[in-house]
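One letter stands for each residue in the lines below.
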Amino acid sequence: MLREILIIVIKKFIHQFASPKTYFYQVNRLYPWLLYISISIYISAIIWGLFFTPKDFVQGHSYRIIYFHVPASFVAQSLYAAMAISSAVFLIWRVKLAAYLARSIAPVGAMVTFIALVSGSIWGIPTWGTWWEWDARITSTLILFIMYLGLISLHNSFNNFDKADKLFSYLAIIGFVQIPIIKKSVDWWSSLHQPASITISDKPSIDPSMLYPLFMAMIGFAGLVACIVILSSKVQIYIREKNKNWVKDYV
Amino acid sequence: MKIHRKKRLINVLLLSLLSGAGILMVLYALNSNLDYFFTPSELLAEEVPSNRRVKVGGMVQEGSVRREDSIISFTITDYSKTIDVSYTGIVPDLFKEGSGVVVLGYLNDGKVDAEKVLAKHDENYMPPALQDK
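None of the values given here were measured: they were computed from a predicted structure.

What follows concerns the overall build of chain A. Looking only at helices and strands, chain A features nine helices and zero strands. Put simply, chain A runs from its N terminus to its C terminus through helices and strands in the order α-α-α-α-α-α-α-α-α. Projected onto its principal axes, the C-alpha coordinates of chain A cover approximately 60 × 45 × 35 Å. Across the 251 residues in chain A, those meeting the buried criterion constitute 48%. Of the contacts made within chain A by residues no fewer than 6 positions apart, 74% connect residues no fewer than 24 positions apart. For chain A, the exposed area adds up to about 12800 Å²; of that, 72% sits on carbon and sulfur atoms. The averaged location of the 11 negative side-chain charges in chain A is 11 Å from the averaged location of its 21 positive side-chain charges.

For the rest of this paragraph, the subject is the nonpolar core. Of all hydrophobic cores here, the largest spans 49 residues; its most connected members are Ile66, Leu79, Tyr80, Met83, Val112 and Val225 of chain A. For this core, the elements supplying multiple residues, two or more each, are helix 2 (20-51), helix 3 (66-93), helix 4 (96-127), helix 5 (136-156), helix 6 (161-175), helix 7 (178-188) and helix 8 (208-240) of chain A. With nine residues, the single largest contributor to this core is helix 4 of chain A. Other than its neighbours up to four places away in sequence, Val112 of chain A contacts Ala72, Val75, Ala76, Leu79, Phe221 and Val225 of chain A. Membership of the second largest hydrophobic core comes to 19 residues, among which are Val85, Tyr87, Val101 and Leu107 of chain B.

With that out of the way, let us pick up the packing of aromatic side chains. Residue and element names in this part refer to chain A. Under the criterion given, the structure shown has 17 aromatic pairs over all chains. Three or more aromatic residues joined by ring pairs form one cluster here, namely Phe24, Tyr25, Tyr238, Trp246 and Tyr250. The side chain of Arg94 reaches across the aromatic face of Phe90, ending 5.9 Å from its centre. The ring centre of Phe161 lies 4.4 Å from the NZ or CZ of Arg240, which sits over that ring.

Once that is clear, we can look at unusual backbone geometry. For Arg94 of chain A, which is not glycine, the phi dihedral falls at a positive 55 degrees. Arg94 of chain A sits in the partly exposed class, given a relative accessible area of 34%. The phi dihedral of Tyr79 of chain B falls on the positive side, at around 70 degrees, and the residue is not glycine. Mapping Tyr79 of chain B onto the fold places it in the loop between strand 3 (71-77) and strand 4 (82-88).

Attention now goes to the packing of helix 5 of chain A against helix 6 of chain A. All names here are of chain A. Direction vectors running N to C along helix 5 and helix 6 enclose 160 degrees, while the axes themselves pass 9 Å from each other. With respect to their mutual orientation, helix 5 and helix 6 come out roughly antiparallel. As helix 5 packs across helix 6, the resulting crossing turns out to be right-handed. On helix 6, the residues that touch Met147, Leu151, Leu154 and His155 of helix 5 are Phe161, Ala164, Asp165, Leu167, Phe168, Leu171, Ala172 and Gly175.

This part takes up the packing of helix 3 of chain A against helix 1 (residues 3-30) of chain B. Their axes nearest at 8 Å, the elements helix 3 of chain A and helix 1 of chain B cross at an angle of 145 degrees. Across the interface between the two elements, Ala88, Leu91, Ile92 and Trp93 of chain A of helix 3 of chain A pack against Arg5, Arg8, Leu9 and Val12 of chain B of helix 1 of chain B. Taken together, the residues of the contact of helix 3 of chain A with helix 1 of chain B break down into six nonpolar, no polar and two charged.

Reading the values: the criteria
Residues numbered from 1 in each chain as written. Chains lettered and ligands numbered in written order. Predicted model: local features only at pLDDT ≥ 70, side-chain atom pairs only at ≥ 80, totals over all residues. Heavy atoms only, no water. Helix = DSSP H or I, 4+ residues; strand = E, 2+ residues; numbered from the N terminus. Buried < 20%, exposed > 50% of the residue type's maximum accessible area, 1.4 Å probe, protein only. Contact = heavy atoms within 4.5 Å. Areas by Shrake-Rupley, 256 points an atom, 1.4 Å probe, with all protein chains shown as cover. Lys, Arg positive; Asp, Glu negative; His and termini not counted. Charge placed at Lys NZ, Arg CZ, Asp CG, Glu CD. Core = buried A, V, L, I, M, F, W, Y, C linked by side-chain atoms within 4.5 Å. Phe/Tyr/Trp six-rings, centres within 6.5 Å; stacked < 30°, edge-to-face > 60°. Lys NZ or Arg CZ within 6 Å of the ring centre and 35° of its normal. Axes fitted to C-alpha atoms, helices over the stretch in contact; angles between N-to-C directions. Parallel < 35°, antiparallel > 145°, perpendicular 65-115°, else oblique. Left-handed = near helix turned anticlockwise from the far one by under 90°. Nonpolar A, V, L, I, M, F, W, Y, C, P; charged D, E, K, R; others polar.

Pasting the structure below:
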């Protein structure tokens, strides 16, 4: 009995939230909260990381770019996973909102991957002595960046949104195989990039005094990026549903 | 779940499975070609012509770094085989005895004439005060 009620409630919630209109208004309510909380978390994490953590025993002060690089790299890969899941939801259940979301994540993902590449290059100069090498981790991240751009231009090359969404989603799912490759690239092949410091199985090899602000920066950055995805998805709703009455009323 | 949805779910799963298997086979075929550098053991096990550029990586052996004018020579070790390197130029700040290094250069008579020396660091981060503990 309880189980059936629960299923009905969940179904109702999903059905309602899957309508672009409900999503739009709910997200509008959530947005300022998310924005201000994320900004304050991110800024305090950066200040903590840059000024109130000890320097590293090998890299000195130059390790501090970790507070920009690691959140960006982590979010760049997570966004792709989110995009692939959204695409699968669209393909299986034909939820239009999922297609809008997947399409709106792509440019944000490209931007975040670009930040990861640039911050990594800047970090490489004082530590490795080079800003670019074709090692497995760097090259696979560059491929991720190109994949985001490719998906965007694929979607833009169709006049028919339905066709564009379907092809985009299939390709996004195929491309998901890139994510474990990036993750594992430093273990499968010899590379200039060091192996992961934070893993599920082991204790992090970063001292807690440096690790806590890093986690905070990751949470804050993820929140900020979520805000940008919300804005980007609103743009998609404007474009796709511009003939709907509620959009006209809202504008 | 309705029949048509189940069909589409199976399609999506099949698609990801096939693409995953395909890419994994490609990676398996490429295997060590995606390696960024050779270790001294791997390099010495192969006949490398002296006109081919190689990347060798490993640890800088303790007590092996010598500087004469602007020429720096050292030994790379993977704790089973070693290879000597000489290089003219400035090495990165993180280049140190006992830490990781990757050199790019030509192999001549079992020695590497390096064109580029890159420092490699590991995944450990800690404050200097904790280092001795």
